[in-house]
Amino acid sequence: MIEENRVMGIDIGGTGVKAALVDTQTGRMTTERVRLPTPQPATPAAVMEDIEELRRQLQWRGTVGCGFPGLVKSGRVQRAPNLDSSWIGYDLADQLRVQLGAPLVAIGNDADAAGLAEFRFGAGQGVTGTVLVITLGTGVGSAVFRDGVLLPDTELGHLEMRGKLAEKRAAASMRTNRGLSWKKWAKRLNDYLVHVEYLLGVDLFIIGGGLSKKPEKFFPYLRDVGCRVEAARLGNAAGIIGAAMFPRR
Ligand code: BGC
């Protein structure tokens, strides 16, 4: 493996901060995945401490790619719905550069990261048409692709359905927090996917997040969706692998 292909991929989530070193040519993690729980409150300083600890565990001084659960423009956080409000305006790129001693840092939306990884190395390989990668975790993330080209920073988890944000009904966290049965929760996901398919004429949904490892639990209930639905092939690792791809784009 050529050393310059290695990047530390960081996936900041609402419940966990995860990282690994990734070979961006093969999409393989070259270390184990390290993880710390997202601190509460999830302030920038507390999350940066986690990231610094993960960097130490991976013994890395080099290029860093980071997936963020919100909107980041020119390295600065614009929106962070599932983290502390003090993130707004935070210069994440600069802080990662300084605190991690990283020569090169690139940041993007966490669902876009997962989508890029699935397109390059997973369920999206070679797929044309309109493909939506939907990540189910603390929130609902979306990555929209047309013929393999990403339209970045979409927020389709924030569509309103039945007077509520879709992610407040269909996120994976809603099932566990509300103690919903798989069937009851999957019915909500079914309705959400039907709605999105109608709006965008989707050809394929790729469902990501930790749940993608258990499709048998809920795929049978996604009966009304008028297009193909597949599980992410890289599972939850897609967020880390795709984050590592940001600096190489
Ligand atoms: C955020 C998205 C993010 C998703 C998954 C949503 O609440 O608005 O930007 O991709 O959660 O983390």
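Residues numbered from 1 in each chain as written. Predicted model: local features only at pLDDT ≥ 70, side-chain atom pairs only at ≥ 80, totals over all residues. Heavy atoms only, no water.

Asker: Can you walk me through helix α8 (residues 238-245) in this structure?
Answerer: Residues three or four positions apart in an α-helix share a direction because the helix packs 3.6 residues into each turn. In terms of burial, α8 is largely enclosed, as eight of its eight residues are buried. Among the residues making up α8, those that are buried are A238, G239, I240, I241, G242, A243, A244 and M245. Elements in contact with the buried residues of α8: β1 (6-12), β2 (16-23), β3 (28-29), β5 (64-68) and α3 (110-121). (Buried < 20%, exposed > 50% of the residue type's maximum accessible area, 1.4 Å probe, protein only. Helix = DSSP H or I, 4+ residues; strand = E, 2+ residues; numbered from the N terminus. Contact = heavy atoms within 4.5 Å.)

Asker: Could you clarify how one ought to interpret the site of the ligand in this entry?
Answerer: Close to the ligand lie 13 residues; N82, D110, E155, H158 and E167 are nearest. Taking E155, its side chain carries an N or O atom lying 2.7 Å from an oxygen atom of the ligand. H158 is positioned such that a nitrogen or oxygen atom in its side chain is 2.8 Å from an oxygen atom of the ligand. Out of a free accessible area of 310 Å², the ligand has 94% covered by protein chains. Contributions of two or more residues to the shell around the ligand are made by α3 and β10 (140-146). Broken down by class, the residue content of the shell around the ligand amounts to four nonpolar, six polar and three charged. Per-domain counts for the shell around the ligand show at least three residues from each of domain 1 (3-112 + 238-248) and domain 2 (126-233). (Near = heavy atom within 4 Å. Polar contact = N/O pair within 3.5 Å; in protein donor to acceptor, adjacent residues only side chain to side chain. Areas by Shrake-Rupley, 256 points an atom, 1.4 Å probe, with all protein chains shown as cover. Nonpolar A, V, L, I, M, F, W, Y, C, P; charged D, E, K, R; others polar. Domains from an automatic or database assignment.)

Asker: Whenever I open this one, the sheet that holds β10 confuses me. Can you help?
Answerer: What holds strands together in a sheet is hydrogen bonding between their backbones, with the strands either parallel or antiparallel. As summarised here, the arrangement of the five strands in space is β11-β10-β9-β14-β15, forming an open sheet in which the pairing is mixed. Of all strands in the sheet, those with a lone pairing partner are β11 (149-151) and β15 (228-231), marking the two edges. Averaged over all adjacent pairs, the angle separating strand axes in this sheet is 25 degrees, with direction ignored. Note that β10 and β11 share three bridges and pair antiparallel. Note that in β11 the partner of V144 across the bridge is L151. Contacts from α3 reach β9 (130-136), β10, β11 and β14 (204-208), with the element oriented near 45 degrees to β10. Against the sheet, helix α6 (residues 182-200) contacts β9, β10 and β14, and its axis sits at roughly 150 degrees relative to β9. (Pairing = 2+ DSSP bridges. Axes fitted to C-alpha atoms, helices over the stretch in contact; angles between N-to-C directions.)

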